[in-house]
Amino acid sequence: MTTDTRRALVVRGGWDGHQPVTISDGFVPFLEEQGFAVETAEDLAVYEDVELLAATDLVVQCWTMGTITERRRDNLAAAVRAGTGLAGWHGGIVDCFHDHGYHLLTGGTFAMHPPGFHDHGYTIVPERADHPVVTGLDDFALHSEQYWVLTDPHIDVLATTTFPAGDLHDAPVVMPAVWTRTWGRGRVFVSTIGHKPDDFEVPQVRTLTERGLLWAAR
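Residues numbered from 1 in each chain as written. Predicted model: local features only at pLDDT ≥ 70, side-chain atom pairs only at ≥ 80, totals over all residues. Heavy atoms only, no water.

Q: I'd like a rundown of the overall build of the chain, residues and numbers included.
A: Tallying secondary structure elements over the chain gives seven helices and 11 strands in all. On C-alpha atoms alone, the chain measures out to a radius of gyration of 16 Å, which is about the 17 Å that the 2.2 N^0.38 rule sets for 218 residues. Overall, the chain is about 60 × 35 × 30 Å in size when its C-alpha atoms are taken along their principal axes. The buried share of the chain, reckoned over its 218 residues, is 53%. (Helix = DSSP H or I, 4+ residues; strand = E, 2+ residues; numbered from the N terminus. Rg over C-alpha atoms; globule rule 2.2 N^0.38 Å. Buried < 20%, exposed > 50% of the residue type's maximum accessible area, 1.4 Å probe, protein only.)

Q: Report on the pattern of salt bridges, specifying residues and quantitative values.
A: Considering all chains together, one arrives at 11 salt bridges under this definition. Close ionic contact of Glu210 with Arg206 constitutes a salt bridge, the shortest N to O distance being 2.8 Å. Taken together, the residues Glu210 and Arg206, both in helix α7 (residues 203-216) and four residues apart, mark about one turn of the helix. Judged by relative accessible area, Glu210 falls into the buried class, the value being 17%. Where salt bridges share partners, they join Arg12, Asp25 and Glu42 into one cluster. (Salt bridge = Lys/Arg side-chain N within 4 Å of Asp/Glu carboxyl O.)

Q: Hey, could you go over the packing of aromatic side chains for me, with residue numbers and the actual values?
A: Describing an aromatic ring pair means giving the distance of the ring centres and the angle of the ring planes. Under the definition given, this model contains seven aromatic pairs. On the numbers, 5.7 Å between centres and 70° between planes, the contact of Trp89 with Phe200 is edge-to-face. Taken as a pair, Trp89 in strand β4 (residues 85-89) and Phe200 in the loop between β11 (186-191) and α7 lie far apart in primary sequence, 111 residues in all. According to the relative accessible area criterion, Phe200 is buried, its value standing at 6%. Three or more aromatic residues link up through ring pairs in this structure, and these residues are Phe27, Trp89 and Phe200. A cation sits over an aromatic face here: Lys196 above Phe117, 5.2 Å from the ring centre. The ring of Phe27 has Arg206 sitting right over it, with the charged end atom 4.1 Å from the ring centre. (Phe/Tyr/Trp six-rings, centres within 6.5 Å; stacked < 30°, edge-to-face > 60°. Lys NZ or Arg CZ within 6 Å of the ring centre and 35° of its normal.)

Q: Account for α7, with residues named and values stated.
A: End to end, α7 covers 20 Å across 14 residues, agreeing with the expected 20 Å (1.5 Å per residue, within 8%). When we look at burial in α7, the residues that qualify are Gln204, Val205, Leu208, Thr209, Glu210, Gly212, Leu213, Trp215 and Ala216. Residues of α7 that are buried in the fold lie against α2 (28-33), β3 (58-64), β4, β7 (140-144), β10 (173-183) and β11. (Expected span 1.5 Å × (residues − 1). Contact = heavy atoms within 4.5 Å.)

Q: Before we move on, could you go through the sheet that holds β10 and cite the residues and values that matter?
A: Within a beta sheet, neighbouring strands are joined by backbone hydrogen bonds and run either parallel or antiparallel to one another. Here we have nine strands laid out as an open sheet, ordered β2-β1-β3-β4-β11-β10-β9-β6-β7, and mixed in their pairing. The open sheet has two free edges, formed respectively by β2 (36-41) and β7, since each of these has just one partner strand. Within this sheet the neighbouring strands show an average axis-to-axis angle of 20°, counted without direction. This element, α7, spans β2, β3, β4, β7, β10 and β11 of the sheet and lies at about 165° to β11. (Pairing = 2+ DSSP bridges. Axes fitted to C-alpha atoms, helices over the stretch in contact; angles between N-to-C directions.)

Q: With reference to specific residues and values, describe unusual backbone geometry.
A: The backbone of Gln19 sits at a positive phi, close to 45°, despite the residue not being glycine. Within the secondary structure layout, Gln19 lies in the loop between β1 (6-14) and α1 (20-25).

Q: Would you mind going over the side chain of Thr160 in detail, with residue names and values included?
A: Structurally, Thr160 is set in strand β9 (residues 156-163). Residues in contact with Thr160, not counting those within four places in the same chain, are Gly121, Tyr122, Thr123, Val125, Val174, Met175, Pro176 and Ala177.

Q: Describe in detail the side chain of His18, supporting the description with residues and values.
A: The residue His18 is located in the loop between β1 and α1 in this model. Looking at His18, its side chain comes within polar contact range of the side chain of Thr64, at 2.8 Å. (Polar contact = N/O pair within 3.5 Å; in protein donor to acceptor, adjacent residues only side chain to side chain.)

Q: Give me the lowdown on the pairing of β11, citing residues and values where you can.
A: Buried residues dominate β11, accounting for five of its six residues. As defined by bridge partners, β4 adjoins β11 across four bridges and the pair is classed as parallel. Bridge pairing in β11 places Gly88 opposite Val190. Pairing of β10 with β11 involves six bridges; the strand directions are antiparallel.

Q: Break down helix α4 (residues 70-82) for me, with residues and values.
A: Owing to its 3.6 residues per turn, the α-helix brings residues three or four apart onto one side. Helix length check: α4, at 13 residues, gives a terminal C-alpha distance of 18 Å against a target of 18 Å (1.5 Å per residue), a fit within 8%. Among the residues making up α4, those that are buried are Arg72, Arg73, Asn75, Leu76, Ala77, Ala79 and Val80. The inward-facing, buried residues of α4 abut α3 (50-55), β3, β4, α6 (103-106), β10 and β11. Residue Gly83 follows α4 closely and has a positive phi angle near 130°.

Dropping the structure here:
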């Protein structure tokens, strides 16, 4: 028996400060409305299930900090290479697993953020304004954490954020904030936005995140 229902796997846990369950739960109804059967996992052992990963059309990773074994990383990377989508936001995808080369898959890794929350803006890259993740969206402002990241040159940057000149850099720095990439036949979506639930009440943040999940999915 065949079915058109796609499968999404939400892998969540790690540091509780990013509220992985609360925030990811906010996207489960959206995915179900889009026709996905959604499964959640709160143990990284799920990445040992090669058959499950192969049958999954979208992995939403929401796991801050922690470590990953080479086997689990390799299984996830192989599934994405074969066509499984990978998507996530903020520390749940780029401030985790700083070992075994995991961030070669995501195309970027968290390095630091200024203390606390502060007002800052996000700019849609003009040359990528027709990308389905950001098309029709205006630039926007946020009062939250602002991520400084180290990125791979092979990512497709869709939105940026600017750090003003400061003690560590003499001139403003334009930093990738939202990007996509491909990994074999799979697609990867990363947004550095989303420290707290009300970040997703900003319409542009909610929209680009939902679109990013769909874009990454097989």
